[in-house]
Amino acid sequence: MELSTAFQMLGDDGFFNSWWVQLLLVILVTLVTTRIYASHVFSHWHRKGLASCAGSFPFGSIGNFVLQRKSISEVYADIYRSGKGHKLFGYYSFFSPSLLVRDPELIRLVLVKDFPHFMNRGAYYNEKDDPLSAHIFSLDGEEWKKIRTKVSPFYATNKMKFMFDTIRSCSVDLQRFLLESSNSCKSEFELKGLMSKYSINVIAQTAIGMEGNNFKDKNMLSEMSFKVTDPDDIVQTFRFSLPFINRNLAALLKLRFTPKATEDYYMAAVRQIIEQRKRENVVKHDFMHLLLQMKGRSDTIDKGTAGLSVEEIAAQTFIFILAGHETSSSTIAFCLHELALDSRIQQRLCHEIDASGVTVENVTFEQIQSMEYLDAVFQETLRKYPPAGVLIRECIKDYECPDGFVIKKGTRINVSNYGLHRDPHFFPNPDKFDPGRFDKDSPSHPIVPFSYLPFGEGPRFCLGKRFAMFTVKLGLFAILSKFSVESTGKSAPTVTFNPALFLNSPKDGLHIRFVPRTVSI
Ligand code: HEM
């Protein structure tokens, strides 16, 4: 019997008319088309002659992050490791062919020398419906330039000296809280939670002049910040991360970065602060004041002129809180965890603090800056645990690499600073916490330029670098001048990052015991 006759017979019996056969056919056709499309997309770099890691439907090469099996830093470090031997390595972010720059010299070109080709982060933001998403970290092109130029003076040395007093007074509060706790026999703490309270104190005062977290009560700003990054809220985790991972998909889904309730709370708080400062002619030396001065004390939305709109002020102070709070608190937590594991390093640091001959109440900007071992410990903490473990850029005009390969406009570019920091080629014995790597006089090994990037590099490097440095160093000074730290045995020596968070944070917390020290100062 001929095939056509067989089909005809089946058709006559109503075989193709039955709903389940039609459904089966639709599924079959969809599967085959998807497979053909996926194998076309995921062979993009092979067709371009570039080595790449495999992509699979539907998450490309970053499935372990999307499925919350690994943190984003670890996923990019895995891609970095699979690209060993290649300067530029392809991967897939969902269906988008993207690139990881592995070679320090090429990283320099991308981040610094040829920055105009890679000025954007290519993140999704929606100024109109989600105003708090339009912050400096995500803004592109001229919008970014305008804000960066305006807010940069706030981070200048003369401003930092003023900020120093505010940060120091928060570190005095932290020390007082620990002393009081110790007097009432409470010596064990979960570090990330405790340090979040300290860092939110610092940020709340310096960003918007809000005072008064006594380390015991809930802090509204901290709650608000937590809601944006809540690791137990899978939907919010996705909303927070996707805009940085795949702009097109985030735009298609019209994702909100900020939960609506958080936006309403924060916008109302900012309006209230602005009105109160105008009404009572309040002058505070905080970030809000600087932005208000730019605004020219007008309520009009004056885009394109010298001023900033209320929404812009809210967005820029909001990222100050988000970017500053999580990163600094994790850094102190990671550092104390390492110090508790290595008494030799801890003793040397305590010795340097004691030798300064001053208490935290009167330590000066210059004294903190001159403490070399404190600096080495700070740098090594950021080497082993960079809070932001992947740098993000977008190619905005075609770029020819030194070897002739052309990166096309619109391609997403990443640098895995976490991968570099844990690469034994650049940092021998990378899992060892060794501040000697950053010893000013005789480092244990040379640091290859652009292999160490905890704050990024180039015109888009971290604006809060020095601010973070003083927050962390003063926090450590306040603690270690009165306490030594011991492991409680509750936390494993090897830290696991929380896979639900975009920034590196310890998964199950880090538990530490604070033991009072007898010092003569
Ligand atoms: C230990 C603490 C911190 C670390 C490790 C850190 C790290 C980073 C990194 C890696 C970037 C991306 C840089 C790049 O792409 O080249 C960044 C950007 C940024 N950081 Fe930080 N940061 C920290 C603290 C802070 C603080 C305290 C603030 C604010 C007070 C802050 C504000 C910002 C801003 C505004 C940007 C975006 C800059 C731009 O796109 O122009 N950061 N940070």
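The following refers to the structure shown. (Residues numbered from 1 in each chain as written. Predicted model: local features only at pLDDT ≥ 70, side-chain atom pairs only at ≥ 80, totals over all residues. Heavy atoms only, no water.)

## What about the coordination of the iron atom of the ligand?
Then, number 1: Just one protein ligand coordinates the iron atom of the ligand, and it is Cys-462 (SG) at 2.3 Å.
Then, number 2: Counting through the fold element by element, Cys-462 comes out in the loop between α19 (417–421) and α20 (465–480). (Donors = N, O, S within 2.8 Å, 3.2 Å for Na, K, Ca; no water. Helix = DSSP H or I, 4+ residues; strand = E, 2+ residues; numbered from the N terminus.)

## Concerning empty space enclosed by the protein
Empty space among the atoms can be located by rolling a probe the size of a water molecule over them.
Then, number 1: All told, the structure shown has two cavities of 30 Å³ or more when counted by the stated rule.
Then, number 2: Of the volumes computed, that of the largest cavity is approximately 930 Å³.
Then, number 3: Around the largest cavity, the lining comprises 46 residues; the ones closest to its centre are Phe-137, Ala-323, Thr-327, Cys-462 and Leu-463.
Then, number 4: Here the lining of the largest cavity gets 10 residues from one element, more than from any other, and that element is helix α15 (residues 310–341).
Then, number 5: Grouping the amino acids of the lining of the largest cavity by side-chain chemistry returns 32 nonpolar, nine polar and five charged.
Then, number 6: Considered as a void within the structure, the second largest cavity measures approximately 40 Å³ in volume.
Then, number 7: In this structure, the second largest cavity is lined by Thr-229, Phe-240, Glu-326, Leu-501, Phe-502 and Leu-503. (1 Å grid on protein atoms, 1.4 Å probe; cavity = no way out; pocket = protein on both sides within 12 Å on 5 of 7 lines; lining within 4 Å. Points joined across faces, edges and corners; volume = space filled by probe spheres on them. Nonpolar A, V, L, I, M, F, W, Y, C, P; charged D, E, K, R; others polar.)

## Re the site of the ligand
Then, number 1: Taken together, 25 residues form the shell around the ligand, and within it Arg-121, Trp-144, Arg-148, Arg-393 and Cys-462 come nearest.
Then, number 2: At a separation of 2.8 Å, an oxygen atom of the ligand approaches a polar side-chain atom of Trp-144.
Then, number 3: With respect to the ligand, the backbone of Glu-457 contributes an N or O atom lying 3.4 Å from an oxygen atom.
Then, number 4: Judged by the proximity of its atoms to the pocket grid, the ligand belongs to the largest cavity.
Then, number 5: Taken together, the elements giving at least two residues each to the shell around the ligand come down to α7 (141–151), α15, β4 (391–394) and α20. (Near = heavy atom within 4 Å. Polar contact = N/O pair within 3.5 Å; in protein donor to acceptor, adjacent residues only side chain to side chain. Sits in = over half its atoms within 2 Å of the grid points.)

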